[in-house]
Amino acid sequence: MDRAADALARAFRLEQFRDFLTAEAGTSPHTVTAYQHDVRRLVRHAAGTGIKNPAAVTAAHLREFLYALKDVGLEPSTIRRQVSALRTYFKFLTADGHLTRDPSERLEAPKRGRALPAVLTREEVERLLAAPNTDEALAVRDRALLELAYATGMRVSELVSITLQHIVFDQGLARVFGKGSKERLVPVGRRALGAVALYAREIRPLLDKGKGKGALFLNARGTRLTRVGAWGIIRGHAKRAAITKRVTPHTLRHT
């Protein structure tokens, strides 16, 4: 370390900050190393703009610093960690009386981006829908559930709560009660309607033991299919269809 860099390190109290992280804050060695690196990055940027000590750093300087990090292409996750390091660093300085104000107080980290949901290709959808062996009674139910889930994009809670009366076959619609019991009408294609009609006519009466309470989809005990049961059906047939992606009711909804 040259004299100028050594002087900056002393002015910005980098050694004391490291000791604070290690001895007082109980920070993990990995985080100590990362935070030191992040604060040194700020020190280099500050020195480049003529700032020689932390008391001269303002909130505006910190915002400009973050903009510079974005401009050089750092990942949002790295910038979020940088913000965390700066907040910890300036809190240390103010708590120890080295600063009278904390310029990082209102510093905002980049928002976490929402990952795009996984979706199935058309070929994967066809394999999934064809996976149930409809020579078996419960597989006819499973085919109807898969077809209806894919055709309508219903949430799993909506699938298991829908009743036979909620399917309006002659109009190709389903009455769906979503969050907050809000009702909406959802179009249902012929293929899904056919699968549901076959199940409702041939299989559901065999499952119904008077305990289904009108639910469209029943389990082998004759009671309403549960959310866990619906998840298991979808996962099981995705495995039979040799689909390596994680397939859930929400996957079908997004597909």
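Fair warning: this is a prediction, and the values are worked out from it, not measured in the lab. (Residues numbered from 1 in each chain as written. Predicted model: local features only at pLDDT ≥ 70, side-chain atom pairs only at ≥ 80, totals over all residues. Heavy atoms only, no water.)

Chemist: Run through unusual backbone geometry, naming residues and quoting values.
Modeler: Phi is positive for K213, which is not a glycine, with a value near 55°. Along the chain, K213 falls in the loop between helix 9 (190-207) and helix 10 (227-240). Notably, A242 is not glycine yet its phi reads approximately 60°, a positive angle. (Helix = DSSP H or I, 4+ residues; strand = E, 2+ residues; numbered from the N terminus.)

Chemist: Provide a residue-level description of the packing of aromatic side chains, including the pertinent values.
Modeler: According to the stated counting rule, one finds 6 aromatic pairs in the structure shown. Here the aromatic rings of F17 and F92 are separated by 5.7 Å at their centres, their planes lie at 45°, and the arrangement is tilted. Taken together, the residues F17 in helix 2 (residues 14-24) and F92 in helix 5 (residues 76-95) connect sequence positions 75 residues apart. Residue F17 is classed as buried on the basis of its relative accessible area of 1%. Ring pairing ties together the aromatic residues F17, F20, Y89, F90 and F92, which thus form one cluster. (Phe/Tyr/Trp six-rings, centres within 6.5 Å; stacked < 30°, edge-to-face > 60°. Buried < 20%, exposed > 50% of the residue type's maximum accessible area, 1.4 Å probe, protein only.)

Chemist: Please provide a residue-by-residue account of helix 6 (residues 122-130), values included.
Modeler: Those residues of helix 6 not exposed but buried are E124, V125, L128 and L129. Along the axis of helix 6, the buried positions cluster into a sector of 130°, meaning they face one direction only. Buried residues along helix 6 sit in contact with helix 7 (137-152), helix 9, helix 10 and helix 11 (249-254). (Arc of directions from axis to C-beta. Contact = heavy atoms within 4.5 Å.)

Chemist: Any chance you could break down the side chain of N219 for me, citing the residues and the numbers?
Modeler: Looking at the secondary structure, you find N219 in the loop between helix 9 and helix 10. At 2.9 Å, the side chain of N219 and the backbone nitrogen of R221 are in polar contact. For N219, the contacting residues outside a window of four places in its chain are R141, L207, R224 and L225. (Polar contact = N/O pair within 3.5 Å; in protein donor to acceptor, adjacent residues only side chain to side chain.)

Chemist: So what about the nonpolar core? Which residues, and what values?
Modeler: Judged by nonpolar contacts, the single largest core of 40 residues is most densely connected at L128, L148, Y199, L216 and F217. Contributions of two or more residues to this core are made by helix 6, helix 7, helix 8 (156-161), strand 2 (173-177), helix 9 and helix 10. By residue number, the principal contributor to this core is helix 9, which donates 7 residues. Among residues more than four places away in sequence, those in contact with F217 are R141, A144, L145, L148, L159, I162, Y199, T223, R224 and L225. Formed by 29 residues, the second largest nonpolar core is a distinct cluster that contains F17, Y89, L99 and L107. (Core = buried A, V, L, I, M, F, W, Y, C linked by side-chain atoms within 4.5 Å.)

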